[in-house]
Amino acid sequence: MKKVIKGLLTVTTIITLGACSSDTSQKASSNSSTKETTEVSSGASVQAYTNPSEMKDSYDIVIVGAGGAGMAAAIEASDAGLNPVIFEKMPVAGGNTLKSSSGMNASETKFQEEEGITDSNDAFYEETLKGANGTNDKELLRYFVDHSADAIHWLDQNGIKLDNLTITGGMSEKRTHRPSDGSAIGGYLVDGLLRNVHERNIPIFVNTEVKDIKKTDGIVNQVTVQVQGEEPKDITGKAIVVTTGGYGASEELINSYRPDLKGYVTTNQIGSTGDGIKMIENLGGQTVDMDKIQIHPTVQQDEGVLIGEVVRGEGAILVNQAGERFVNEMNTRDKVSAAITALPEKSAYLIFDQGVRDRATAIEFYDEKGYVTAGESIEELAEKIQLPSETLAKTVTTWNEEVANKEDTAFGRTTAMDNDLSKPKYYAIKIAPGIHYTMGGIKINTNTEVLDKEEQPITGLYAAGEVAGGLHGENRIGGNSVAEIIIFGRQAGQQAAQFAFDRIETLRSE
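Under an unreviewed UniProt entry, the name given to the protein chain is Fumarate reductase flavoprotein subunit, and the organism recorded is Candidatus Enterococcus wittei. UniProt annotates the protein chain under Cofactor (unreviewed entry) with the comment "FAD". The UniProt entry for the protein chain carries this comment under Sequence similarities (unreviewed entry): "Belongs to the FAD-dependent oxidoreductase 2 family. FRD/SDH subfamily."

Here it is as structure tokens:
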């Protein structure tokens, strides 16, 4: 069995990169380890960061973590007129957001309207609730769906256009928003958010680990940071926002909460070790759903790279070693994963044609990494991947007939059947399930305030993104994590800003 850490091997050395630069800005090193990280993360461009020598002792809002949620929070706090700062322990911004592939879910958006797609927040709510068997935090979920369209429009207003629509498992409508060219969303989104951070002159320090979060007189207002190679330093803020992500790369936490997952490869970036959760717990914060860890069905096992749901969303099928379909490919992730795990070989092949490849341009990245096998015909492809050629050809022919009839008689698939698999070349990617997402985390309310064990907000402390739990219940729908980081990242920035303004007024009156 592969160890959980196996999916992280290409990035094990990036934390050792130098933190200091003689320029006023700092760029990610171009050495091989960072280069591999960037490639695995869907190729975000070279990024510039604030020189550690410019770090101040105090900021209005301190944001811990430079993923999508953290940068969204910083942008909102800045636009509210405050001075936020972002601290990131890794050498580059982006976190798991960089590795996102399929897209961002939202309902009732202008881009859906432009394509003539009739959708509703209520349908989005009910389908997400159904996907997790009703275990979601319903207040968080209601806020989430009702603010999803606004999040898409906010991104568009900030030069991040997600107008290419597809569909993910468990959804009935095309509500997964992608970049215009259909490419993976991760690098595009991180580049866009980072550009907005720079345009607002928001300081962002990398290789800077937050070691502790503290409170004074009952108000959370300080963090202890350590720039790599330097002594720890205390930084104060009027509010603290934690956006450090989940714990999908922590063998310790995974083995503690889900020992049955020991040995699974992980898709998570190496920094996803639950740091924020631990620090907030030390402040009395409550956790929820910590044993709810999502297994993604389609993961390349050698390097732990997620093969995005967009491949199935654009028409791919899954076949077993006999060359036969065995599951509704567009079912929820837990059910598809279980079907693959139940196979004798515990792995399967994604089968698709040139049409799928043209529509899901993220496949180009998978091909560059060497994960894609190609054949001029189905028979040639079958020979290359050592599947029975007659059986695979029959499976594809039958599937094409069912697409034409709009009826999957074998497994009841009803979505992503707009196009058949009849355009050469033909392709395959071998996949198996892997640890992908941790639904559990810190308990928050719809204001993103961190709640203690008595369900009361911890004053001055906010959390957003994968570090928070409850929204997804026991199973996350594909495309909802990117939506979560933007929707609740924005909310955290807005709420922390309002709290900071109130603190300023209180201090003035004292």
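(A) Representation of the overall build of the protein chain in the model. For the protein chain, the helix and strand inventory stands at 16 helices and 22 strands. Taken along its principal axes, the extent of the C-alpha atoms in the protein chain is 80 × 45 × 40 Å. Here the protein chain holds 510 residues, and the buried ones make up 61% of them. Long-range pairs, those at least 24 residues apart, make up 74% of the contacts in the protein chain with a sequence separation of at least 6. Taken as a whole, the protein chain presents about 18,800 Å² of accessible surface, with 45% of it coming from carbon and sulfur. In the protein chain, 48 positive and 74 negative side-chain charges are present, and the distance between their average locations comes to 3 Å.

(B) Highlighting unusual backbone geometry. With an omega of 5 degrees, the peptide bond running from Pro 424 to Lys 425 counts as cis. Note on placement: Lys 425 falls in the loop between helix H15 (389-405) and strand E18 (426-438). In this model, Asp 289 sits at a positive phi of 60 degrees, which is unusual for a non-glycine residue. Along the chain, Asp 289 turns up in the loop between strand E12 (287-288) and strand E13 (293-300). Look at Gln 386: it is not a glycine, yet its phi comes out positive at around 60 degrees. Residue placement: Gln 386 occurs in the loop between helix H14 (378-384) and H15.

(C) Seen up close, the UniProt feature "domain: FAD-dependent oxidoreductase 2 FAD-binding" (unreviewed entry) in the protein chain. Under the UniProt annotation, the feature "domain: FAD-dependent oxidoreductase 2 FAD-binding" (unreviewed entry) is placed at residues 60-482. Strand forms 24% of residues 60-482 and helix 30%; the C-alpha atoms that close the span are 26 Å apart.

(D) Seen up close, the domain arrangement of the protein chain. The domain boundaries assigned to the protein chain delineate domain 1 (47-292 + 439-509) and domain 2 (296-435). Taking only C-alpha atoms into account, the centre of domain 1 sits 32 Å from that of domain 2. On the domain 2 side, the residues contacting the 30 residues of domain 1 number 26 residues. Between domain 1 and domain 2, the buried area comes to about 2,100 Å², and carbon and sulfur atoms account for 53% of it. Among the residues domain 1 hides against domain 2, the three largest losses belong to Tyr 264, Val 265 and Thr 267. Together they make up 25% of the total. Seen at the junction of domain 1 and domain 2, the total is two salt bridges. Between the two partners, domain 1 and domain 2, sit 13 residue pairs in polar contact (both at pLDDT 80 or more). Tallied by class, residues from the side of domain 1 that touches domain 2 come to nine nonpolar, 17 polar and four charged.

(E) Representation of the sheet that holds E12. Spatial ordering of the open sheet is given by E12-E19-E22, a layout of three strands whose pairing is mixed. In this open sheet, the two strands that pair with only one neighbour each are E12 and strand E22 (468-469).

(F) Quick peek at the nonpolar core. Ranked by internal contacts, the top residues of the largest apolar core, which has 102 residues, are Phe 87, Met 104, Val 223 and Ile 486. There are two domains that each give this core at least three residues, and those are domain 1 (47-292 + 439-509) and domain 2 (296-435). Once you skip the residues sitting within four places of it in the chain, Phe 87 turns out to touch Met 55, Val 62, Ile 63, Val 64, Gly 65, Ala 66, Phe 205, Thr 208, Val 210, Val 223, Val 225 and Ile 235.

(G) Structural context of helix H11 (residues 333-341). For H11, every residue scored as buried is listed here: Arg 333, Val 336, Ser 337, Ala 339 and Ile 340. Buried positions in H11, seen along its axis, are confined to an arc of 160 degrees and lie on one side of it. Tucked inside the fold, the buried residues of H11 contact E13, helix H10 (310-313), strand E15 (317-319), strand E16 (348-353) and E18.

(H) Here's a closer look at the sheet that holds strand E5 (residues 104-105). The strand order across the open sheet built from three strands is E5-E7-E6, with neighbouring strands paired in antiparallel fashion. Two strands in the sheet have a free side with no partner beyond their single neighbour: E5 and strand E6 (164-166).

(I) Highlighting the layout of surface pockets. Taken as a whole, the largest pocket spans an internal volume of roughly 340 Å³. In terms of lining, the largest pocket is formed by 17 residues, of which the most central are Lys 130, Gly 170, Met 171, Met 330 and Asn 331. Sort the elements by how many residues they give to the lining of the largest pocket and helix H4 (residues 121-131) lands first, with three residues. Residue composition of the lining of the largest pocket, by class: three nonpolar, 10 polar and four charged.

(J) Representation of the environment of Tyr 59 in the model. Among the secondary structure elements, Tyr 59 is positioned in strand E3 (residues 58-64). A relative accessible area of 3% means that Tyr 59 is categorised as buried. Each C-alpha atom, one on Tyr 59 and one on Ile 86, is 10.0 Å from the other, the two residues being 27 residues apart in sequence. When residues no more than four places from it in sequence are discounted, the contact partners of Tyr 59 are Glu 54, Asn 83, Pro 84, Val 85, Pro 203, Phe 205, Ile 235, Thr 236, Gly 237 and Lys 238.

(K) Geometry of helix H6 (residues 148-157). Most of H6 is tucked away, with seven of its 10 residues classed as buried. Restricting attention to buried positions, one finds in H6 the residues Ser 148, Ala 149, Ala 151, Ile 152, Trp 154, Leu 155 and Asp 156. Downstream of H6 by a residue or two, Gly 159 has a phi angle that is positive, lying close to 80 degrees.

(L) Quick look at the environment of Asn 328. For Asn 328, the location among the structural elements is in the loop between E15 and H11. The sequence separation of Asn 328 and Pro 232 amounts to 96 residues, and the corresponding C-alpha distance is 52 Å. Those residues in contact with Asn 328, other than ones at most four positions away along the chain, are Val 336, Phe 411, Gly 412 and Arg 413. Looking at Asn 328, its side chain comes within polar contact range of the main-chain nitrogen of Met 330, at 2.9 Å.

(M) Quick look at the pairing of E3. With six of seven residues buried, E3 lies mostly within the body of the structure. Pairing of E3 with strand E11 (residues 233-242), which is carried by six bridges, proceeds in the parallel orientation. Counterpart to Ile 63 in the pairing with E11 is Val 241. Relative to strand E4 (residues 84-87), E3 runs parallel, the two being bridged by four bridges. Across the sheet, the residue bridging to Val 64 is Phe 87, located in E4. In this view, the connection linking E3 to its parallel neighbour E4 by way of helix H2 (residues 68-79) has right-handed handedness.

About the cut-offs
Residues numbered from 1 in each chain as written. Predicted model: local features only at pLDDT ≥ 70, side-chain atom pairs only at ≥ 80, totals over all residues. Heavy atoms only, no water. UniProt positions renumbered as here; feature names shortened; annotations may be inferred. Helix = DSSP H or I, 4+ residues; strand = E, 2+ residues; numbered from the N terminus. Buried < 20%, exposed > 50% of the residue type's maximum accessible area, 1.4 Å probe, protein only. Contact = heavy atoms within 4.5 Å. Areas by Shrake-Rupley, 256 points an atom, 1.4 Å probe, with all protein chains shown as cover. Lys, Arg positive; Asp, Glu negative; His and termini not counted. Charge placed at Lys NZ, Arg CZ, Asp CG, Glu CD. Domains from an automatic or database assignment. Buried area = accessible area lost by both parts, 1.4 Å probe. Salt bridge = Lys/Arg side-chain N within 4 Å of Asp/Glu carboxyl O. Polar contact = N/O pair within 3.5 Å; in protein donor to acceptor, adjacent residues only side chain to side chain. Nonpolar A, V, L, I, M, F, W, Y, C, P; charged D, E, K, R; others polar. Pairing = 2+ DSSP bridges. Core = buried A, V, L, I, M, F, W, Y, C linked by side-chain atoms within 4.5 Å. Arc of directions from axis to C-beta. 1 Å grid on protein atoms, 1.4 Å probe; cavity = no way out; pocket = protein on both sides within 12 Å on 5 of 7 lines; lining within 4 Å. Points joined across faces, edges and corners; volume = space filled by probe spheres on them. Right-handed = clockwise from strand over helix to strand, strands pointing away.

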